[in-house]
Amino acid sequence: MNWKYKAHALAALSRVPGGRSLYHGLQRVAGTNRLQLDRDLERAFELVDLIFEADGEIEGKQVFEIGTGWRPFVPFVMALAGAKRVITVDVNPWLTSAYACETWRALESRLPEIAARCRVPEQEIVQRYRSVPSTACTLESVFVPLRIQYDCPADARDTQLPARSMDIILSSNVLEHIPADVQRDIHKESFRLLKTGGLSAHRFNPQDHYSTIDSKITNGNFLQFSEKQWRWYGGTGLAYHNRLRSPEYRELFQQAGFEITVFRERTDQRTLDAIRSGALTVDECFSRFTPEELAVDYIWMANRKAAPLPARSEIESSLPAFTN
Ligand SMILES: C[S@@+](CC[C@H](N)C(=O)[O-])C[C@H]1O[C@@H](n2cnc3c(N)ncnc32)[C@H](O)[C@@H]1O
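Rules of the game
Sequence positions are assigned chain by chain, starting from 1 and proceeding in written order. Where totals are concerned, whole chains, interfaces and linings use all residues; where local detail is concerned, this predicted model gives features only for residues with pLDDT of at least 70, and gives and counts side-chain atom pairs only at 80 or more. Counting from the N terminus, the helices are the DSSP runs of H or I reaching at least four residues and the strands are the DSSP runs of E reaching at least two. For the radius of gyration, the atoms used are the C-alpha atoms, and the globule rule reads 2.2 Å times the number of residues raised to 0.38. With C-beta atoms placed from the backbone, a residue is buried if 20 or more other C-beta atoms are within 10 Å of its own, exposed if 12 or fewer are, and partly exposed between those counts. By convention in this section, buried Ala, Val, Leu, Ile, Met, Phe, Trp, Tyr and Cys residues joined through C-beta atoms within 7 Å make up a nonpolar core. By definition, residue pairs are in contact when their C-beta atoms, positioned from the backbone, come within 7 Å. Inter-axis angles, ranging from 0 to 180 degrees, are taken between N-to-C directions of lines fitted to C-alpha atoms, where helices are fitted over the stretch in contact. When the near helix sits turned anticlockwise from the far one by under a right angle, the crossing is termed left-handed; a clockwise turn instead gives a right-handed crossing. By definition, a residue lies near a molecule or strand provided its backbone-derived C-beta atom is within 6 Å of it. Amino acids outside the nonpolar list (Ala, Val, Leu, Ile, Met, Phe, Trp, Tyr, Cys, Pro) and the charged list (Asp, Glu, Lys, Arg) are all regarded as polar, and Gly is one of them. The span one expects for a helix is its residue count, reduced by one, times 1.5 Å. A pair of strands is treated as paired once DSSP finds two or more bridges between them. Within this analysis, the arc is defined by the directions that extend from the helix axis to the C-beta atoms.

### A few points about the overall build of the protein chain
Part 1 of the argument: Scanning the protein chain for helices and strands turns up 14 helices and seven strands.
Part 2 of the argument: For the protein chain, the C-alpha radius of gyration of 22 Å lies close to 20 Å, the compact-globule estimate for 324 residues.
Part 3 of the argument: Taken along its principal axes, the extent of the C-alpha atoms in the protein chain is 70 × 70 × 35 Å.
Part 4 of the argument: Out of the 324 residues belonging to the protein chain, those deemed buried represent 37%.

What follows is the structure, encoded as structure tokens:
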């Protein structure tokens, strides 16, 4: 499909009364949110990998997820891995009992794999799985035994949770849908929520999302537009995705006080070739970035809330006194 048809349709739906509900009804009919077990389980595992890579643990930890979405793979995997409590929040009520229960039932066939990836003995995972009644068919009946709390509507910018109450903060495919100023507030709140040494781990794809429906365009297609032009296509409303580039995501975490512990990015070769050959003309608003930075289409990162550096007076008072 030509991506512009979808972009114009979404831009129009975003601006008419009832357009949002109509869009989500259409998504349900089209099966956009259907169960994709392999893909979504792997995405949850990528967060597990990030935690381990940053020397973190899940067993016995307090976990907070930003942006539950439709399918609670991340909370389920964290609970099965032994998290003490998982709080998952979303500003939008996409999650339903039917989605949650279907997702939970599908995990039964994958318990050995979950055990291996989460480094937990299989019998413990099976025991945790059995804590949910096999007849469970409501959000409550599936979440309560797993100590998962779903807060919605709830904004990750202002959680009302106590400071230093969380060990791990996670998100999957969320940050690219959040404007920079909102991310700034979310990171500030995450920093407040985390205990010292706590981790904030995220995976996201800062690519032009219309490239998934139009093979003629590259993942960097949206870079050709000025801010004003992009505002119509995907810079507001239902299709919103920011066009932040890899260094900007790093800067946002660092400005909030985080130390970047793990950082991995994937470069889309097709986008890179198109930029280098001139087939894709990048708008001047991206002039500070290199072609390599512009062509990044996936990012995985884990950031630590490091212990604050001791004040100068503390360092001085701990030094031995020298006399002549
Ligand atoms: C693209 S969806 C991803 C959902 C899910 N994590 C997944 O991978 O399928 C992004 C989600 O982030 C949520 N979101 C956006 N801003 C948020 C905020 N400030 N606080 C909490 N959730 C937010 C949206 O409502 C949406 O459900």
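### Some points on the nonpolar core
Part 1 of the argument: Ile51, Val77 and Met78 are the most contacted members of the largest nonpolar core, which totals 71 residues.
Part 2 of the argument: Per element, the largest residue contribution to this core is seven residues, and it comes from helix H4 (residues 73–80).
Part 3 of the argument: When neighbours within four sequence positions are excluded, Val77 is seen to be in contact with Ala44, Val48, Ile114 and Cys118.

### What about the packing of helix H9 (residues 180–193) against helix H11 (residues 246–255)?
Helices that pack against each other are described as a pair by the angle of their axes relative to one another and the distance between those axes.
Part 1 of the argument: Between H9 and H11, whose axes approach to 9 Å, the crossing angle comes to 35 degrees. You can see that H9 and H11 cross each other, and the crossing is right-handed. Across from Ala180, Gln183, Arg184 and His187 in H9, the residues of H11 making contact are Glu248, Leu252 and Phe253.

### Observations concerning the site of the ligand
Part 1 of the argument: Residues in close proximity to the ligand total 20 residues, the closest being Gly67, Gly69, Asn92, Ala156 and Asn173.
Part 2 of the argument: Among the residues forming the shell around the ligand, the class breakdown is 10 nonpolar, six polar and four charged.

### Notes on helix H2 (residues 19–30)
Part 1 of the argument: The end-to-end C-alpha distance of H2, which contains 12 residues, comes to 16 Å, matching closely the 16 Å that a straight helix rising 1.5 Å per residue would cover.
Part 2 of the argument: At the C-terminal side of H2, Gly31 shows a positive phi close to 75 degrees.

### Some thoughts on the sheet that holds strand E5 (residues 194–204)
Part 1 of the argument: Spatial strand order, E3-E2-E1-E4-E5-E7-E6: seven strands in an open sheet with mixed pairing. Every other strand in the sheet has two partners, leaving strand E3 (148–151) and strand E6 (259–267) as the edge strands with one partner each. Strand-to-strand twist in this sheet, taken as the mean axis angle between neighbours without regard to direction, amounts to 15 degrees.
Part 2 of the argument: Bridge analysis of strand E1 (residues 62–66) against strand E2 (residues 85–89) gives five bridges, and the strand direction is parallel. Across the sheet, residue Ile66 finds its bridge partner in E2, namely Val89.
Part 3 of the argument: Against the sheet, helix H3 (residues 37–53) engages strand E4 (166–172), E5, E6 and strand E7 (296–304), with an angle of about 140 degrees to E5.

### Thoughts on unusual backbone geometry
Part 1 of the argument: Put simply, Cys152 and Pro153 share a cis peptide bond, and its omega is -5 degrees.
Part 2 of the argument: Of note, Pro153 is situated in the loop between E3 and E4.
Part 3 of the argument: Backbone geometry at Arg119 places phi at a positive 60 degrees, although glycine is not the residue there.
Part 4 of the argument: Within the secondary structure, Arg119 sits in the loop between helix H6 (111–118) and helix H7 (122–130).
Part 5 of the argument: Even without glycine at this site, Arg164 takes up a positive phi of about 55 degrees.
Part 6 of the argument: For Arg164, a count of 13 C-beta atoms within 10 Å translates into the label partly exposed.

### Things to note about the environment of Gly234
Part 1 of the argument: Summarising the element assignment, Gly234 is placed in the loop between helix H10 (227–233) and H11.
Part 2 of the argument: Residue class for Gly234 comes out buried when judged on the 23 C-beta atoms lying within 10 Å of it.
Part 3 of the argument: Through-space distance from the C-alpha of Gly234 to that of Ala7 is 6.9 Å; in sequence the pair is 227 residues apart.
Part 4 of the argument: Apart from the residues lying within four places of it in its own chain, the contact partners of Gly234 are Ala7, Phe222, Ala239, Tyr240 and His241.

### Observations concerning H11
Part 1 of the argument: Within H11, the full set of buried residues consists of Ser246, Tyr249 and Phe253. For H11, the angular spread of buried residues about the axis comes to 65 degrees, placing them on one side. Exposed side of H11, more than 90 degrees from the buried face: Glu251 and Gln255 are the residues found there.
Part 2 of the argument: Contacts from the buried residues of H11 go to H9, E6, helix H13 (291–294) and E7.

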